[in-house]
Amino acid sequence: NCPQVKHPGEKDLSWRNFKIKENLLREMQGAIVGPSRWVAECASQSSILKGKNIYHIPNMLNTNVFRHLGGKEKLKARYRLDADRTVLLFGAADAGTGNANKGFRYLQKALEMLNKEEYQLAIFGNIDKMMEGLGEDHVRQFGYITDEQVLTEIYNAVDLFITPSLQESFGYTTCEAMACGTPVVAFDIGGLRDQITHKKTGYLARRADVEDLAAGIVYCRQNIQVMREELSGISQRYSYESIMLQYVELMERLLYDMT
């Protein structure tokens with residue numbers, strides 16, 4: 001009786017999918033891999049995967065594209081960002097600022113607690129009427145970005161990336177921003193716990209706590225240079241080579257256990 005499907009019921013689409021998965025996985029040998037410890041833990045507690053071999057390996061990132069570029073002042077000028085303010089970036093595709101799970105409303109409320117003259121908000125992705133009331137001179141709207149090089153330059157141009165999501169299995173935008181040397185402020189949930197080291201590479205605020213989110217923004221602003229240094233080598237954690245080696249090690253372990 002899934003609330004996410006169009007016609008929920010006792011034997012709805014979710015029930016039929018469940019039965020298909022149950023039959024396919026009943027005799028499965030090998031392993032299940034989750035991109036975060038949270039996903040792996042959820043899988044281990046699920047009806048279908050309970051008792052299976054479940055491991056955690058992060059998703060990979062093209063670190064040849066998403067990387068620290070330097071030249072922040074020039075990039076700020078190129079993308080018409082305020083050089084005298086701390087620039088906060090929020091990004092979400094699809095429903096964007098209107099996606100309740102992405103938590104833009106919490107960022108909006110957090111900004112009300114801060115000195116507006118010290119901050120500028122930049123947004124990429126879709127934007128809806130929730131933008132009303134922030135003031136045009138405090139907001140830079142990039143719209144939907146398809147060019148990864150442009151997105152990389154924006155990540156490098158801004159000062160902090162804010163991702164107030166209520167649920168994330170693996171935060172790709174978080175990963176991209178950190179690979180570009182930009183600290184991240186987020187709620188302490190899901191896969192973001194694996195990605196952000198609290199008060200070192202960003203700030204993990206209590207879930208749905210606006211005051212703590214605002215405090216995290218201020219903390220990162222005050223410690224931004226130290227955090228950038230902490231992020232200097234983090235991109236290699238998600239490189240193709242690093243993730244490939246983890247899968248090779250897992251497959252070798254499984255083959256050894258089967259012999």
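Caption draft 1: Structural context of helix 10 (residues 240-258). For helix 10, spanning 19 residues, the distance from its first C-alpha to its last is 27 Å, which sits close to the expected 27 Å at 1.5 Å a residue. Considered for burial, the residues of helix 10 that qualify are Ile243, Leu250 and Leu254. Down the axis of helix 10, the buried set is contained in an arc of 35°. They therefore lie on one face. Away from the buried face of helix 10 by more than 90 degrees, exposed residues Glu241, Leu255 and Tyr256 are located.

Caption draft 2: Summary view of the sheet that holds strand 7 (residues 184-187). One open sheet holds the six strands; their spatial order is 5-4-3-6-7-8, and the pairing between them is parallel. Lying at the two open borders of the sheet, with one neighbouring strand each, are strand 5 (139-143) and strand 8 (202-205). Neighbour-to-neighbour, the strand axes of the sheet open up by a mean angle of 20°, direction not taken into account. In terms of strand pairing, strand 4 (residues 119-125) meets strand 5 through four bridges, oriented parallel. The residue of strand 5 that forms the bridge with Ile123 is Gln141. Helix-sheet contacts for helix 4 (residues 104-112) involve strand 3 (86-92), strand 4, strand 6 (160-163) and strand 7, and the interaxial angle to strand 4 is about 170°.

Caption draft 3: Spatial organisation of the environment of Glu41. Turning to its location among the elements, Glu41 is positioned in helix 2 (residues 37-45). A residue is classified by how much of its surface remains accessible, and Glu41, at 45% relative accessible area, is partly exposed.

Caption draft 4: Looking closely at the environment of Met258. Looking at where Met258 falls in the secondary structure, it is placed in helix 10. Among the residues examined, Met258 registers a relative accessible area of 57% and is labelled exposed. Expressed as a C-alpha distance, the spacing of Met258 and Gln29, which sit 229 residues apart in the sequence, is 9.3 Å.

Caption draft 5: Focus on unusual backbone geometry. The phi dihedral of Arg80 falls on the positive side, at around 55°, and the residue is not glycine. Here Arg80 is to be found in the loop between helix 3 (72-78) and strand 3. Overall, Arg80 belongs to the exposed group, its relative accessible area being 60%. Located in the positive-phi region is Lys199, a residue other than glycine, with phi close to 65°. Residue position: Lys199 is located in the loop between helix 7 (192-195) and strand 8.

Caption draft 6: Structural view of the packing of helix 4 against helix 8 (residues 210-222). Two numbers describe how helix 4 lies on helix 8: the axes approach to 8 Å, and their chain directions differ by 65°. In terms of orientation, helix 4 and helix 8 fall into the roughly perpendicular class. Once helix 4 is placed against helix 8, the crossing between them reads as right-handed. On helix 8, the residues touching Tyr106, Leu107, Lys109 and Ala110 of helix 4 are Val210, Leu213, Ala214 and Ile217. Split into classes, the residues belonging to the contact of helix 4 with helix 8 amount to seven nonpolar, no polar and one charged.

Conventions we followed
- Once a new chain begins, its residue numbering starts again from 1 and follows that chain's sequence as written.
- The predicted origin of the model limits local features to residues at a pLDDT of at least 70 and limits the giving and counting of side-chain atom pairs to 80 or more, whereas totals for whole chains, interfaces and linings rest on all residues.
- For the side-chain quantities, the full set of heavy atoms in the structure was used; hydrogens and water were omitted.
- Strands here are runs of E lasting at least two residues and helices are runs of H or I lasting at least four, both read from the DSSP assignment and numbered beginning at the N terminus.
- For a helix, the expected span equals 1.5 Å multiplied by the number of residues minus one.
- Burial status follows relative accessibility: with a 1.4 Å probe on protein chains alone, a residue under 20% of its type maximum counts as buried, one over 50% as exposed, and anything between as partly exposed.
- When we speak of the arc, we mean the arc of directions from the helix axis to the C-beta atoms.
- When DSSP finds at least two bridges between two strands, those strands are taken to pair.
- Note on geometry: axes are lines fitted to C-alpha atoms, helical ones only across the stretch in contact, with angles between N-to-C directions running from 0 to 180 degrees.
- Should any heavy atoms of two residues lie within 4.5 Å, those residues are considered in contact.
- An angle below 35 degrees is treated as roughly parallel, one above 145 as roughly antiparallel, one from 65 to 115 as roughly perpendicular, and anything else as oblique.
- Here is the rule for handedness: rotate from the far helix to the near one, and if that takes an anticlockwise turn smaller than a right angle the crossing is left-handed, while a clockwise turn gives right-handed.
- Classification convention: Asp, Glu, Lys, Arg as charged; Ala, Val, Leu, Ile, Met, Phe, Trp, Tyr, Cys, Pro as nonpolar; all other residues, Gly among them, as polar.

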